[in-house]
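# Breakdown of the fold
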Amino acid sequence: MLTPKTRLLSFAQRQRQFINWINTHHYANFTSQSSDQNNPQLPRFLRRQSLQKQSPEKQLEQPASSATKHSVQKQYRSRHYDPDKKPESTSEIRLLEPHVLSARLKKLCDAGKIDDAVHMLKNAPLDAQNTPVWNTLIWETLKAKRYQLSYQLYVDMKRKGFSPSIRTFQTFFNGLSKIENWSVHTKQLNNARSFYEQYRRHVASVKRSDPNDPSLSIDPLAGYIRILGNAGHYQEVFDVFYAMDKEGPLAPNQFIFTAMFQAIVAARGDTPEGSTKVAADAKLLWSQMIKASKKGELFTPDSHTVVAAITALTGGTEPYHDMAFDIISQYYGLERNQPISKPGKLVLQPEALFAILKFCNSTKNYQHTTQFWQQVKRRPDDIGGISILDRGHAEEVIKATLALREPGVGYHSLDILEWMLRMEITSANGPKIRPALSTYSLVMQACWRGGEWSSALRTFELMTGYHSHDFMDGSVAAVPRLDKRGQGRSLPPNAEFISSMVRAALIRRNRADVRQALRIVDYLGFGQLVSAREESSKGESLNRALKNKSFYAGKLAASIIDAFDFIMEDNGKYAKPEEAAKWRALAAQAREYTAKAAQRPSSKPRAPRQGSLDSS
């Protein structure tokens, strides 16, 4: 029987035998599979033995650093762990970049948090700030009409060491040019003049260092010229223009000439001659522009420039008008007294056509308005054809038709209205050509001027959806029929529309027509018509719209009183008693409104809005 000591000795012998067997049979296999002695597949004790058993010659061949590396290399529990790879938590922190800061500032400004955006910029790292970032916030404050804050930002930008660029001055001039009433922004006008002087010093500094610097641009001065024009400083506009270079990148281009034409029109009240001087200066500017465009071929007049020049020539005499018609023919191909047009240098756009038609009406060349309208309807679309026509163009044509006073003016105006309604359905430009309340009012004025009651009734039906037959003698309906239409297809009448309609009935002195008109007014209600929303035209102030509303309400009251008096002649034998009672109450309402209007302190005679013929 083996004692414990014998057993322990036997176990040690077996262990040594196992190790010798491993060394004899398996060490070669492990070393053949991997030439690296530090292969983690080998047991640790075998790697130690392999290093110890190397011959002295082989150890000498290896670099000392390599032996040291093998001897001191640290082992890790996981074979997938790489000590050379840094964990994500200890990676380098990304710095705030200027474009990211600019996007954050714009997002805050879009949400109306301008003060928060200013605080963020002022406390942002200096590396994230640059001139474009400050320009972004300055532009956002200008859009929000925080003009004094934008100027303070400009001062802070320079204090922090960021120099303004050409874009900075262009941003300021474009933002300040949106101001309409300069009489209450005199401080901002002084700031604009200060920016102009700083712009000149900046440009002079850049030119001294590099005359061909690509950043040199004259474009910022277009906004400054518009500012001076809107502020009414006519001579100062030309002082800025003549101070420009004659050649090079700082010479006037199409943007400068466009701003010049627009500025002199806006500031025409600053000169004793008014529109006459504007037209003469516009002719001079046009010749200089053509000469400059041919000299270096750096630019060609675009549609904005041509439209501005045509508008500036409007107030001149007939030679200036002929010059404008020549420009229209050369650039847009519209010919006077011709059935068809020709291609021009530029494609006719809706804005350009509106300016041309308005020019014709303003210069009392009404026949050319209708001629150009017909030419455009026959033109192909690739040069500006029927697809560009919209409501503004049609209203200018109706105004020209009204002014011509030819027989059938109401019928021709109604024909244009019905054409607009058809084009609204069939044309791709449908929403833009849909008639508005102003369109129907113009057509109703034409029916009144032409004394065409049938056309007036048809206009009333197209606008409201009511059946006018239900208000006629012998077929009066208790509840008039009303057609169901899509949203926006039927419009509620207002005082301007109905006053013209009642006067259209009165002008023929036909009592049946007048009774029909009074039934329509009584059904709609005088109070409802007077309080109806007045459609304000483009660029019309709220005060002006309220004055128009009061003006046409007075016209409606006067026409109702005249209609009632006409019907009640000969002791009211031309009206049924029950209807006479209604119309008497209606006339009483009209007289009461007239009396109250006469007692108002601000009640003064005034001219109707542009395009109306009530003053004629």
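What you see is a predicted model, and the numbers here were worked out from it, not measured in a lab. (Residues numbered from 1 in each chain as written. Predicted model: local features only at pLDDT ≥ 70, side-chain atom pairs only at ≥ 80, totals over all residues. Heavy atoms only, no water.)

## Things to note about the packing of aromatic side chains
Short version of the rule: Stacked, tilted and edge-to-face pairs are distinguished by plane angle, under 30 degrees for stacked and over 60 for edge-to-face with tilted covering the rest, among Phe, Tyr and Trp rings (Trp via its six-membered ring) whose centres lie within 6.5 Å. A ring is scored as having a charge over it whenever the NZ atom of a lysine or the CZ atom of an arginine sits within 6 Å of its centre and within 35 degrees of its normal.
Applying the stated criterion across every chain, the model contains 22 aromatic pairs. The structure contains a cluster of three or more aromatic residues connected by ring pairs, namely Tyr234, Phe238, Phe241, Tyr242, Phe257 and Phe299. Lying over the aromatic face of Trp448, Arg449 brings its terminal NZ or CZ to 4.0 Å of the ring centre.

## Quick word on the UniProt feature "repeat: PPR" (unreviewed entry) in the protein
Applied cut-off: UniProt positions are given in the numbering used here, feature names are shortened, and annotations may be inferred rather than shown by experiment. We count a stretch as a helix when DSSP gives it H or I for four or more residues in a row; a strand needs E for two or more, and each element gets its number in order from the N terminus.
Mapped onto the present numbering, the UniProt feature "repeat: PPR" (unreviewed entry) falls on residues 130–164. Regarding residues 130–164, the helix share stands at 74% and the strand share at 0%, and the terminal C-alpha atoms are separated by 10 Å.

## Points about the environment of Cys447
To keep it simple, the criterion reads: Here, residues are in contact when the closest pair of their heavy atoms is within 4.5 Å.
Here Cys447 shows up in helix α23 (residues 437–450). Sequence separation between Cys447 and Val409 is 38 residues; the distance between their C-alpha atoms is 7.0 Å. Leave out the neighbours within four places in its chain, and Cys447 touches Gly410, Glu452, Ser455, Ala456, Thr459 and Ala504.

## Observations concerning helix α20 (residues 391–404)
Put simply, the rule reads: To estimate the expected span of a helix, subtract one from its residue number and multiply by 1.5 Å. The cut-offs for exposure are 20% and 50% of the maximum accessible area for each residue type, with area from a 1.4 Å probe on protein chains only; residues under the lower value are buried, those over the upper are exposed, and the others partly exposed. A 3.5 Å cut-off defines polar contacts: any pair of N or O atoms within that distance qualifies, except that in protein one atom must be a possible hydrogen donor and the other a possible acceptor, and neighbouring residues in sequence count only when both atoms are side-chain atoms.
The end-to-end C-alpha separation of α20 is 20 Å, in line with the 20 Å expected for 14 residues at 1.5 Å each. Every buried residue of α20 is listed here: His393, Ala394, Glu395, Glu396, Val397, Ile398, Ala400, Thr401 and Leu402. Elements that come into contact with the buried residues of α20 comprise α18 (350–362), α19 (366–378), α21 (409–426) and α23. Where α20 begins, the side chain of Asp390 points an oxygen toward the backbone nitrogen of Gly392, at a separation of 3.2 Å. A positive backbone phi angle near 55° is found at Arg405, which sits one or two residues after α20.

## Some words on the side chain of Glu395
You can see Glu395 is positioned in helix α20. Those residues in contact with Glu395 that lie beyond four places of it in its chain are Ser438, Thr439 and Leu442.

## Quick look at the packing of helix α8 (residues 131–143) against helix α9 (residues 147–159)
Applied cut-off: Every axis in this analysis is a line fitted to C-alpha atoms, fitted for helices over the stretch in contact. Angles between the N-to-C directions lie between 0 and 180 degrees. In these notes the angle categories are as follows: under 35 degrees is roughly parallel, over 145 is roughly antiparallel, 65 to 115 is roughly perpendicular, and the rest is oblique. By definition, any crossing whose near helix is turned counterclockwise from its far helix by less than a right angle is left-handed, and any crossing with a clockwise turn is right-handed. Under the grouping applied here, Gly and all other residues not named as nonpolar or charged are polar, the nonpolar ones being Ala, Val, Leu, Ile, Met, Phe, Trp, Tyr, Cys and Pro and the charged ones Asp, Glu, Lys and Arg.
The N-to-C vectors of α8 and α9 enclose an angle of 165°; their axes lie 8 Å apart at closest approach. What the angle tells us is that α8 and α9 run roughly antiparallel. Note that α8 runs across α9; the crossing there is right-handed. Residues Thr131, Trp134, Asn135, Leu137, Ile138, Thr141 and Leu142 of α8 lie in contact with α9, whose contacting residues are Tyr147, Leu149, Ser150, Leu153, Tyr154, Asp156 and Met157. Looking at the contact of α8 with α9 residue by residue, the classes come out as nine nonpolar, four polar and one charged.

## Here we look at empty space enclosed by the protein
This is how it is decided: Definitions used for this entry: grid spacing 1 Å over protein atoms alone; cavity, a set of points where a 1.4 Å probe fits but cannot get out; pocket, an open set with protein on both sides within 12 Å along at least 5 of 7 lines; lining residue, one with an atom within 4 Å of a point. Grid points are joined across faces, edges and corners, and a volume is the space filled by probe spheres set on the points.
Applying the stated criterion across every chain yields a total of one cavity of 30 Å³ or more. For the largest cavity, the calculated volume is near 40 Å³. For the lining of the largest cavity, the per-class residue count stands at four nonpolar, one polar and three charged.

## Digging into the pattern of salt bridges
Between side chains of opposite charge, pairing is possible as soon as their charged atoms come close. Our working definition: Basic side-chain nitrogens of Lys or Arg form a salt bridge, by our definition, when they fall within 4 Å of a carboxyl oxygen of Asp or Glu.
In total, this model carries 24 salt bridges according to the counting rule given. Notably, a salt bridge pairs Asp473 with Arg519, separated by 2.5 Å at the nearest N-O pair. A residue pair is termed long-range when its members are at least 10 positions apart, and Asp473 in the loop between α24 (453–464) and α25 (495–506) and Arg519 in helix α26 (residues 511–524) qualify at 46 residues. Taking the relative accessible area as the measure of exposure, Asp473 reaches 30% and is therefore partly exposed. Linked by salt bridges that have partners in common, Asp473, Arg515, Arg519 and Glu579 make up one network.

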